[in-house]
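A structural walkthrough
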Amino acid sequence: MYVVPFPVPPLTTSRPKQTQPIRAMRVVVQRVTLANVEVQGCKVSEIGPRLLVLVSLHDSDFDSDAVYICRKVLNMRLFPNETSGRGWDQNVMPRNYEVLLGKKLNLLPFFGGNKPDFHVVMPPEKAKPFYPYVVDIFKISYNLDAIKVSTANFQFRHF
């Protein structure tokens, strides 16, 4: 006879519901033909056909999260390779494309019901020094001149 050296939990037919809230920063990456940022009617930043990256910071983000997101975004294969003819084969770096970074605070809502809850978003006193750090990581990892930055919170106009 075999004796179990530790207590075995009773078998249940239903598993407990586990909800996993968002625990890291999110980015939305979009290929664009033209993107610009206007603040009170004045054009602040503009890029041609490149990448628009909207960054939303989570309250629990660390430096390592910024490095991870930067590496992922810069290595995403989103562009065709003209020499081989393969689509979705190259990232922004071999093509020397620009990247426009912007803050977008409402990418991290948690829906407990029908109303979004933004308590997981990094508070402004932590986000003000952290967002420039994220930008610096992008600039150091890629090309100082290829990273364009918007300090304004993005809002879209649909035409």
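Throughout what follows, the structure given in this document is the object of discussion. What you see is a predicted model; the values in this text were computed from it and never measured.

Scanning the chain for helices and strands turns up three helices and eight strands. Helices and strands in the chain line up, N terminus first, as β-β-β-β-α-α-β-β-β-α-β. In the chain, which comprises 159 residues, the proportion classed as buried is 33%.

In this model, Gln40 sits at a positive phi of 50°, which is unusual for a non-glycine residue. Within the secondary structure, Gln40 sits in the loop between strand E2 (35-39) and strand E3 (42-47). Overall, the relative accessible area of 80% leaves Gln40 in the exposed class. Phi is positive for Trp88, which is not a glycine, with a value near 55°. Topologically, Trp88 is positioned in the loop between helix H1 (63-75) and helix H2 (92-95).

The tendency in soluble globular proteins is for nonpolar side chains to be buried as a group. Among the nonpolar cores identified, the biggest contains 27 residues, and Met25, Leu57, Val92, Val99, Leu101 and Phe138 are the most heavily contacted of them. Elements with a minimum of two residues in this core: strand E4 (50-56), H1, strand E5 (99-103) and helix H3 (124-141). The element contributing the most residues to this core is H3, with seven residues. Core analysis: the second largest hydrophobic core is formed by eight residues, Ala35, Ile47, Leu52 and Leu100 among them.

With that out of the way, let us pick up the packing of aromatic side chains. For any pair of aromatic rings, geometry is given as the distance between the ring centres together with the angle between the planes. With the rule as written, the count across this model stands at two aromatic pairs. Taking 4.9 Å as the distance between ring centres and 90° as the angle between the ring planes, the aromatic pair formed by Phe79 and Tyr97 counts as edge-to-face. Here Tyr97 lies in the loop between H2 and E5 and Phe79 lies in the loop between H1 and H2, a separation of 18 residues in the sequence. Classification of Phe79 by relative accessible area gives buried; the value is 6%. Here the aromatic rings of Phe130 and Tyr133 are separated by 5.9 Å at their centres, their planes lie at 35°, and the arrangement is tilted. Residue Phe130 and its partner Tyr133 are both found in helix H3; the two are separated by three residues, about one turn of the helix. Of note, Arg31 hangs over the ring of Trp88, and the distance from its end group to the ring centre comes to 4.7 Å. In this arrangement the basic side chain of Lys103 is found over the ring face of Tyr131, its NZ or CZ atom lying 5.5 Å from the centre.

Consecutive side chains of a regular strand alternate in pointing toward one face of the sheet and then the other. Where E2 lies against E3, five bridges are found, and the strand directions are antiparallel. Paired with Val39 across the strands is Cys42, a residue of E3. Linking E2 to E3, which pair antiparallel, is a turn of two residues; within it Gln40 sits at a positive phi near 50°.

Conventions we followed
Residues numbered from 1 in each chain as written. Predicted model: local features only at pLDDT ≥ 70, side-chain atom pairs only at ≥ 80, totals over all residues. Heavy atoms only, no water. Helix = DSSP H or I, 4+ residues; strand = E, 2+ residues; numbered from the N terminus. Buried < 20%, exposed > 50% of the residue type's maximum accessible area, 1.4 Å probe, protein only. Core = buried A, V, L, I, M, F, W, Y, C linked by side-chain atoms within 4.5 Å. Phe/Tyr/Trp six-rings, centres within 6.5 Å; stacked < 30°, edge-to-face > 60°. Lys NZ or Arg CZ within 6 Å of the ring centre and 35° of its normal. Pairing = 2+ DSSP bridges.

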